[in-house]
Amino acid sequence: MKSIDDINLQDSQATREEIDKEEIVTAETNLQSDINAEDMDGASKKSQTYIPNKRVKYGNIKYVSLAILTIQNAALGLSMRYARTRDVEMFASTAAVVIAEVLKLVICVVLVINESGNIQNGVQTMYTTVILNIKDTLRVCVPSFLYVIQNNLLYVSASNLDAATYQVTYQLKLLTTAFFAVLVLKRRLKKWQWGALGLLVAGVALVHLSSTEKAKSATSDNLHNQSKLLGFGAALAACFISGFAGIYFEKVLKESDISVWMRNVQLSLASIPFGIITHVISSGTITDLFKGFDGFVWYLVVLQAAGGLIVAVVVKYADNILKGFATSVAIIISCIASIYIFDFHLTVQFAAGTVFVIGSIFLYGYVPKKPETRTSLSV
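Treat the numbers as computed from the prediction; the structure is a model and nothing was measured.

(A) Highlighting the overall build of the protein chain. A count of helical and extended segments in the protein chain gives 13 helices and 0 strands. The buried share among the 379 residues of the protein chain stands at 38%. For the protein chain, the accessible surface area stands at approximately 21900 Å², while carbon and sulfur atoms represent 64% of it.

(B) The arrangement of unusual backbone geometry in detail. We note that Lys186 has phi near 60°; this positive angle belongs to a residue other than glycine. Position of Lys186 among the secondary structure elements: in the loop between α7 (173–184) and α8 (191–217). Given a relative accessible area of 64%, Lys186 falls into the exposed group.

(C) Structural detail: helix α5 (residues 134–160). Across its 27 residues, α5 extends 40 Å between first and last C-alpha, which sits within 8% of the 39 Å expected from 1.5 Å per residue. Taken as a whole, α5 carries its principal kink of about 25° at Cys141; the proline Pro143 stands between one and four residues after it.

(D) Region of interest: the confidence of the model for the protein chain. In this model, the protein chain carries an average pLDDT of 77, and 74% of its residues clear a pLDDT of 70 or more. With pLDDT under 50 throughout, residues 1–58 is counted as low confidence; its partners more than four residues away or in other chains account for 6 contacts. Overall, residues 213–222 carries pLDDT values under 50, and its contacts beyond four positions in sequence, including any with other chains, amount to 6 contacts.

(E) Highlighting a nonpolar patch on the surface. A grouping of Tyr82, Ile332, Ile336, Ile339, Tyr340, Ile341 and Leu346 is seen on the molecular surface, where their side chains present a nonpolar patch of about 720 Å² in accessible area. When residues of the nonpolar patch are assigned to their parent elements, the largest contribution, 5 residues, is made by helix α12 (residues 320–341). Note on placement: Leu346 falls in the loop between α12 and α13 (348–364).

(F) A look at the packing of aromatic side chains. Inspection of every chain in the model, using the stated rule, returns 13 aromatic pairs. With a centroid separation of 6.2 Å and 40° between ring planes, the pair formed by Phe244 and Tyr248 is classed as tilted. Highlighted residues: Phe244 and Tyr248, both in helix α9 (residues 228–254), separated by 4 residues, approximately one helical turn. Taking the relative accessible area as the measure of exposure, Tyr248 reaches 23% and is therefore partly exposed. Considering the side-chain rings of Phe290 and Phe293, the 5.7 Å spacing of their centres and the 75° angle between planes classify their relative orientation as edge-to-face. Within the aromatic cluster, the residues linked to one another by ring pairs are Phe91, Tyr155, Phe290, Phe293 and Trp298. Residue placement shows Arg84 over the ring face of Phe91; its charged tip is 5.0 Å from the ring centre.

(G) Region of interest: the packing of helix α4 (residues 119–132) against helix α10 (residues 260–283). Taken N-terminus to C-terminus, the directions of α4 and α10 make an angle of 60°; their axes are 11 Å apart at the nearest point. The angle between α4 and α10 places the two elements in the oblique class. Of the two elements, α4 crosses α10, and the hand of that crossing is right-handed. Here Thr125, Met126, Thr129 and Val130 of α4 lie close against α10, whose contacting residues are Met262, Val265, Gln266 and Leu269. In the contact of α4 with α10, the residues fall into 5 nonpolar, 3 polar and no charged.

(H) Broad picture of the pattern of salt bridges. Tallying each qualifying case throughout the model produces 5 salt bridges. Here Asp136 and Arg263 are joined by a salt bridge, their closest N and O atoms 2.5 Å apart. Taken together, the positions of Asp136 in helix α5 and Arg263 in helix α10 put the pair 127 residues apart, joining distant regions of the chain. The same class applies to Asp136 and to Arg263, which are both buried. Via salt bridges that share partners, Asp136, Arg139 and Arg263 belong to a single interconnected network.

(I) Spatial organisation of the packing of α7 against α9. Viewed as axis vectors pointing N to C, α7 and α9 meet at an angle of 45°, and their least axial separation amounts to 8 Å. Taken together, the axes of α7 and α9 lie oblique to each other. The two elements α7 and α9 meet at a crossing, and its hand is right-handed. Facing α7, whose interface residues are Lys173, Thr176, Thr177, Phe180, Ala181 and Val184, α9 presents Cys239, Phe240, Ser242, Gly243, Phe244, Ile247 and Lys251. The residue makeup of the contact of α7 with α9, split by class, is 7 nonpolar, 4 polar and 2 charged.

(J) Quick peek at the nonpolar core. Met80, Phe91 and Phe293 are the most contacted members of the largest nonpolar core, which has 44 residues in total. When residues in this core are grouped by element, the largest group, 6 residues, is from α5. Membership of the second largest hydrophobic core comes to 10 residues, among which are Val112, Ile258, Val265 and Ile272.

(K) Highlighting α13. The end-to-end C-alpha separation of α13 is 24 Å, in line with the 24 Å expected for 17 residues at 1.5 Å each. All of the buried residues in α13 are Phe350, Gly353, Thr354, Val357, Ile358, Ser360, Ile361 and Tyr364. In an axial view of α13, the angular spread of the buried residues amounts to 155°, which keeps them on one side of the axis. Within α13, the exposed residues directed more than 90 degrees away from the buried face are Val348 and Val355.

Analysis parameters
- Residues numbered from 1 in each chain as written.
- Predicted model: local features only at pLDDT ≥ 70, side-chain atom pairs only at ≥ 80, totals over all residues.
- Heavy atoms only, no water.
- Helix = DSSP H or I, 4+ residues; strand = E, 2+ residues; numbered from the N terminus.
- Buried < 20%, exposed > 50% of the residue type's maximum accessible area, 1.4 Å probe, protein only.
- Areas by Shrake-Rupley, 256 points an atom, 1.4 Å probe, with all protein chains shown as cover.
- Expected span 1.5 Å × (residues − 1).
- Bend = angle between axes of the 7 residues up to and from the residue.
- pLDDT = per-residue confidence, 0-100.
- Contact = heavy atoms within 4.5 Å.
- Patch = residues over 30% accessible without salt bridge, like charges linked within 9 Å, V, L, I, M, F, W, Y side chains within 5 Å.
- Salt bridge = Lys/Arg side-chain N within 4 Å of Asp/Glu carboxyl O.
- Phe/Tyr/Trp six-rings, centres within 6.5 Å; stacked < 30°, edge-to-face > 60°.
- Lys NZ or Arg CZ within 6 Å of the ring centre and 35° of its normal.
- Axes fitted to C-alpha atoms, helices over the stretch in contact; angles between N-to-C directions.
- Parallel < 35°, antiparallel > 145°, perpendicular 65-115°, else oblique.
- Left-handed = near helix turned anticlockwise from the far one by under 90°.
- Nonpolar A, V, L, I, M, F, W, Y, C, P; charged D, E, K, R; others polar.
- Core = buried A, V, L, I, M, F, W, Y, C linked by side-chain atoms within 4.5 Å.
- Arc of directions from axis to C-beta.

So this is what it looks like as structure tokens:
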């Protein structure tokens, strides 16, 4: 039996322990609140100190990638035209497409390995995605085949149209992409987007009417017996293929969590066999793959391979308005450069059509600002 004194002693000890615990909890609470306050102050200081630097850095990446895309777009059209009109041994466009895909594959494999952390993890990731998930890889074969056909058609177009006309005409891919987005993805276009597509068609029509008039007044011995009709038909077919392949590829991307670079590995792995088959059908042999390849052709191949990767960076960091600006500047550069390089004659009708096309690009990418929601606390 415990005595009353023992019980009182235990009660006092228990009371003291409870008081000590309360003091400890209170002290910890105060300490935690001090830490939180310091963290809040530190966070506010960090937000004042570091966030602007991050924004500046992000802005630099965005505008640098846009500048590179602008130069690449303008340079590609001009370079393809020049490569197909030089007085040298002509290279096979089908071979250039194959080599560009091989180069793109190498670049994307390096990027996947970099994402994975090391070579072993990268190889394992590619094996799992490409080989073990063969059904998904086969789905990617559809846009792979289409992109090979599209790239070959672009060479046909560049061989028969001057660089400025080719650059403007290829913007019809905006129309075909919108068409397949509505048809496949069930998207709804805004009123101004429909208006932009109409403006685009009118602009391209003006450009080609101007081109036709110049062709009639030109001498009959055009270089390599160029056909404006063939060039326009090839560009139009390339636009339809680009629109469908782009929407199909977007649908595949949204239905999985596979990275863009891994998807490009799948695309290139499937595109290379299609490209080789196309070259063999066109040339009759595989032995002359590098026939006519010189420094300029290699430069063109690198430029073409880098194009898709640059677009991926721009899509990540830039918005539609800035991408439209880059495309528009590329068209203007192509027109000005064509005057000096290819003796291109700029007419009022061609200029008006180009302005229509540039305006349609900006109008289609226009995103209205949402009205600010005002609350009772708003001043």
